[in-house]
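Each chain is listed here by its residues.
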Amino acid sequence: MAASNFSNALALTLRFEGGYSDHPADPGGATNRGITQATLTQFRHRPVSKAEVRALTQEEASSIYKALFWLPSGAEVCPVGVDAALFDYAVNSGTKRALVALREVLGLHMEDDHEAVLAAAKSADPLKTISALCRYRLRFLQRLRTFSVFGRGWRRRVETVETVCLAMAAAKQLSTFRKDHP
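Since we're looking at a predicted model, the values are computed, not measured.

**Q** Would you take a moment to explain helix 8 (residues 126-142) for this structure?
**A** Each α-helix winds once per 3.6 residues, and so residues spaced three or four apart point in a common direction. With 17 residues, helix 8 extends 24 Å between its outermost C-alpha atoms, agreeing within 8% with the 24 Å of an ideal straight helix rising 1.5 Å per residue. Listed as buried for helix 8 are Pro-126, Thr-129, Ile-130, Ser-131, Ala-132, Leu-133, Cys-134, Arg-137, Leu-138, Phe-140 and Leu-141. One side-chain oxygen of the residue at the start of helix 8 lies 2.8 Å from the amide nitrogen of Leu-127, identifying that residue as Asp-125.

**Q** It is not clear to me how helix 5 (residues 82-93) should be interpreted in this structure. Could you clarify?
**A** Between its first and last C-alpha atoms helix 5 spans 16 Å; for 12 residues at 1.5 Å apiece the expected length is 16 Å, and the two agree. Of all 12 residues making up helix 5, 11 are buried, and the element is well covered by its neighbours. Looking one or two residues past helix 5, Gly-94 carries a phi angle of roughly 105°, positive in sign.

**Q** Can you help me understand the nonpolar core in this one?
**A** As a rule of thumb, nonpolar side chains are buried together in soluble globular proteins. Residues Tyr-65, Phe-69 and Phe-87 are the most contacted members of the largest nonpolar core, which totals 47 residues. If you list the elements that add at least two residues to this core, you get helix 1 (6-14), helix 4 (58-73), helix 5, helix 6 (95-105), helix 7 (114-123), helix 8 and helix 9 (147-180). At eight residues, helix 5 tops the list of elements feeding residues into this core. Discounting chain neighbours no more than four positions away, the residues touching Phe-69 are Thr-39, Ile-64, Phe-87, Ala-90, Val-91 and Thr-95.

**Q** I keep staring at the environment of Arg-135 and nothing clicks. Help me out?
**A** Here Arg-135 shows up in helix 8. Separated by 24 residues in sequence, Arg-135 and Glu-159 have C-alpha atoms that sit 9.1 Å apart.

Rules used throughout
Residues numbered from 1 in each chain as written. Predicted model: local features only at pLDDT ≥ 70, side-chain atom pairs only at ≥ 80, totals over all residues. Heavy atoms only, no water. Helix = DSSP H or I, 4+ residues; strand = E, 2+ residues; numbered from the N terminus. Expected span 1.5 Å × (residues − 1). Buried < 20%, exposed > 50% of the residue type's maximum accessible area, 1.4 Å probe, protein only. Polar contact = N/O pair within 3.5 Å; in protein donor to acceptor, adjacent residues only side chain to side chain. Core = buried A, V, L, I, M, F, W, Y, C linked by side-chain atoms within 4.5 Å. Contact = heavy atoms within 4.5 Å.

Remember, this is a structural readout, not a statement about activity or role.
Here is the structure:
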């Protein structure tokens, strides 16, 4: 199995998921390093306070991202670049929503199971998948009632994710080509 791209994907996502915030317009509420109070509660299997959210360490945040977003989304088995785009989508809008979007951009049906979606992602052109996923994501974000508050940042995030993930995928393709054609 190929090496995981989790650390690169996490570094990309953390460019947009900063320190502690509790913006009144953010339905996620108290958030630190992109981890909401509800997510931290889920991970720790008990209610947590805003103070505990504020005290969240980078190490625990990384563990949460891997356990609750990277692995459940299937990013671990997706092609390089697609993995990071799917992961960032899952972090920003939820794993289920990210997987629905991936299913849609791959032209699959809702009854297709998780494994079928991931198999289709592995065989699809990663560059096309990344661009289609990012376009789909931006259309979703534009429909949210909080787009007027957070839209500029979300747009910049999706555009950056697309650019970086396309570069990841292209570099992987070039590396594979060079191995196959010495």
